[in-house]
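A closer look at the structure
Now for the letters of each chain:
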Amino acid sequence: MEKVVIVGTGCAGLTAALYTARANLKPLVLTGRQPGGLLTTTSTVENFPGFPEGIDGFELMTRMQKQAERFGARVQFGCLEAANVKETPIHLTIDGEVVKTETLIIATGASHKHLGVPGEHLLENKGVTYCATCDGALPMFRNQPLVVVEEALYLTRFASKIHLIHRRDALRASRIMAERTLAHPKIEPVWDSAVTEVLDVKQDKVTGVRVKNLKTNAESTIDCAGLFVAIGHVPNTHVFKGAIHMDEAGYIVPEKGVKTNVPGVFVAGDCADRVYRQAITAAGMGCAAAIEAERYLEALNQ
Ligand SMILES: Cc1cc2nc3c(=O)[nH]c(=O)nc-3n(C[C@H](O)[C@H](O)[C@H](O)COP(=O)(O)OP(=O)(O)OC[C@H]3O[C@@H](n4cnc5c(N)ncnc54)[C@H](O)[C@@H]3O)c2cc1C
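Figured I'd write up the structure that's included with this text. Just so we're clear, the structure is a prediction, and the values are computed from it rather than from any experiment.

Right, let's get into the overall build of the chain. Check the secondary structure of the chain and you find 5 helices and 19 strands. Taken against the 2.2 N^0.38 rule, which gives 19 Å for 302 residues, the C-alpha radius of gyration of the chain at 21 Å falls within 12% of a compact globule. Across the 302 residues of the chain, 47% fall into the buried class. Considering only intrachain contacts with a sequence separation of at least 6, the fraction spanning at least 24 residues in the chain is 54%. As displayed, the chain offers around 15300 Å² of accessible surface, 51% of which is attributable to carbon and sulfur atoms. Each charge class in the chain was averaged separately, 32 positive and 33 negative side chains, and the resulting centres sit 2 Å apart.

Laid out in structure tokens, this is it:
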């Protein structure tokens, strides 16, 4: 019987692991298919406090894991396949094996949606990115023309020009934001259009995108140094569907802070955050979930 199982080894899961390990709860921490989480897919992280020169994403996550392991966290390669949270103790199926636990911390993150066009995957981190807040300030994008699919205003601080590609002929944002976006001198909307290819895989960096007008089928090329894709996220929460309260997009909706509708089940990070989705906010929620799990166990065993 486990005291705490943590699902996910991103910033949320590993911070929860550090706190529960220091509380002597010897947490079992599952990596899922992406050990270290989303930050391992990026190069320099410039906005995680404590690293004035920035730190490589993989390096940061390796350090977080080591720190949690130092206090007794047990990180295990494995995927949670099913969870029966209605039983006491909670029954989990991890790669075919049943594990019982008194508490569960869900820290499974959210995956970004892809355009699914040629060149997109091969040029990821070489000019194709999915997070304006994370990557917009990087030197490779400063004073460069960019192509943006959906959100654009934030990037006007860095780019020389922004081509805003939209599948329809109006923005979905609130009226005030839409007006502000369209009035900005750096932003040029490209209506009724979709990106069909990211160029140039041969040069191993983004040099432009091919765009198709969905009404006329006319194709054109836009030169740019970066493609920012912001077409939404999919929370990795399907395992808990029907058992844990979620919104229509699949984000877990906490009852209070990091508590879920099921006693003993807590949530942290991007799988419950459709607003901020940053490493530091995920880590903060991981800390809170760990403290709540510890308090829950204390009350249970009194
Ligand atoms: C390219 C890129 C660059 C970024 N740069 C920055 C940046 O510079 N600064 C910043 O603050 N933020 C940045 N972010 C955002 C940041 O990565 C996320 O906000 C953060 O990783 C969220 O942490 P998390 O722990 O909630 O989820 P994740 O990091 O997504 O981790 C989720 C974990 O859950 C595991 N998992 C999922 N399903 C299961 C399952 N069924 N069983 C077991 N395990 C499972 C996964 O394998 C993974 O280990 C960036 C994101 C991207 C994509």
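Attention now moves to the sheet that holds strand 11 (residues 145-149). Where strands meet in a sheet, backbone hydrogen bonds hold them as pairs that are either parallel or antiparallel. As summarised here, the arrangement of the 5 strands in space is 10-17-11-12-13, forming an open sheet in which the pairing is parallel. Taken across any chain shown, the strands that pair with only one partner, and hence form the sheet edges, are strand 10 (128-129) and strand 13 (187-190). Relative to strand 13, strand 12 (residues 161-165) runs parallel, the two being bridged by 4 bridges. Opposite Ile165, over in strand 13, you have Val190 as the bridge partner.

Bringing the site of the ligand into the picture now. Contacts to the ligand come from 32 residues, most closely from Thr31, Gln34, Asn47, Asp270 and Ala279. Residue Gly32 places a main-chain N or O atom 3.3 Å away from a nitrogen atom belonging to the ligand. For the ligand, an oxygen atom lies 3.0 Å from a polar atom in the backbone of Arg277. Relative to its free-state accessible area of 1000 Å², the ligand is covered by the protein chains to the extent of 94%. Within the residue set of the shell around the ligand, elements represented by two or more residues are helix 1 (11-22) and helix 5 (279-300). The residue inventory of the shell around the ligand, partitioned by class, reads 13 nonpolar, 16 polar and 3 charged.

As a further point, take the state of the cysteines. Applying the stated criterion to the full structure yields 1 disulfide. The disulfide partner of Cys131 is Cys134, and the S-S distance across this bridge is 2.0 Å. Around the S-S axis, the bridge from Cys131 to Cys134 shows a dihedral of about 65° and counts as right-handed. Residue classification places Cys134 among the partly exposed residues on the basis of a relative accessible area of 33%. In this structure Cys11 is not part of a disulfide, and its nearest cysteine sulfur, from Cys134, lies 10 Å away. Summary of cysteine pairing: Cys79 is not part of a disulfide, and the nearest cysteine sulfur, belonging to Cys271, is at 15 Å.

This part takes up the packing of aromatic side chains. Taken as a whole and assessed by the stated rule, the structure comprises 4 aromatic pairs. Measuring from centroid to centroid gives 6.5 Å for Phe48 and Phe51, while their planes differ by 40°, and the two rings are tilted. Ring geometry for Phe266 versus Tyr296: centroids 6.1 Å apart, planes at 75°, classification edge-to-face. With Phe266 in strand 19 (residues 265-267) and Tyr296 in helix 5, the pair connects residues that are 30 residues apart, well separated along the chain. Residue Phe266 is classed as buried on the basis of its relative accessible area of 3%. Using a relative accessible area of 24% as the deciding quantity, one classes Tyr296 as partly exposed. The ring of Phe71 has Arg22 lying over it, and the distance from NZ or CZ to the ring centre is 5.3 Å.

Once that is clear, we can look at unusual backbone geometry. Thr88 connects to Pro89 through a cis peptide bond whose omega is -5°. By secondary structure assignment, the location of Pro89 is in the loop between strand 6 (80-84) and strand 7 (90-94). A cis amide bond, omega 15°, links Leu199 with the succeeding residue Asp200. Within the secondary structure, Asp200 sits in the loop between strand 14 (193-199) and strand 15 (208-213).

Within this structure, the stated rule accounts for 9 salt bridges. Here Asp192 and Lys215 are joined by a salt bridge, their closest N and O atoms 3.7 Å apart. Residue Asp192 is found in the loop between strand 13 and strand 14, and its partner Lys215 is found in the loop between strand 15 and strand 16 (219-223); the two are separated by 23 residues along the sequence. On the basis of relative accessibility, which here comes to 14%, the residue Asp192 falls in the buried class. The partner of Arg210 in a salt bridge is Glu197, and the shortest N-O contact between them spans 3.3 Å. With a gap of 13 residues between them, Arg210 in strand 15 and Glu197 in strand 14 connect regions that are remote in the sequence. On the basis of relative accessible area, Arg210 is assigned to the partly exposed category, the value being 30%.

This part covers the sheet that holds strand 16. Read across the open sheet, the 3 strands follow the order 14-15-16; overall the sheet is antiparallel. This sheet does not close on itself; its edge strands, each paired only once, are strand 14 and strand 16. Within the sheet, the average angular offset between the axes of one strand and its neighbour, ignoring direction, is 30°. Across 5 bridges, strand 15 lies against strand 16 in antiparallel orientation. Across the sheet, the residue bridging to Arg210 is Thr221, located in strand 16.

Rules behind the numbers
Residues numbered from 1 in each chain as written. Predicted model: local features only at pLDDT ≥ 70, side-chain atom pairs only at ≥ 80, totals over all residues. Heavy atoms only, no water. Helix = DSSP H or I, 4+ residues; strand = E, 2+ residues; numbered from the N terminus. Rg over C-alpha atoms; globule rule 2.2 N^0.38 Å. Buried < 20%, exposed > 50% of the residue type's maximum accessible area, 1.4 Å probe, protein only. Contact = heavy atoms within 4.5 Å. Areas by Shrake-Rupley, 256 points an atom, 1.4 Å probe, with all protein chains shown as cover. Lys, Arg positive; Asp, Glu negative; His and termini not counted. Charge placed at Lys NZ, Arg CZ, Asp CG, Glu CD. Pairing = 2+ DSSP bridges. Near = heavy atom within 4 Å. Polar contact = N/O pair within 3.5 Å; in protein donor to acceptor, adjacent residues only side chain to side chain. Nonpolar A, V, L, I, M, F, W, Y, C, P; charged D, E, K, R; others polar. Disulfide = S-S within 2.5 Å. Phe/Tyr/Trp six-rings, centres within 6.5 Å; stacked < 30°, edge-to-face > 60°. Lys NZ or Arg CZ within 6 Å of the ring centre and 35° of its normal. Salt bridge = Lys/Arg side-chain N within 4 Å of Asp/Glu carboxyl O. Axes fitted to C-alpha atoms, helices over the stretch in contact; angles between N-to-C directions.

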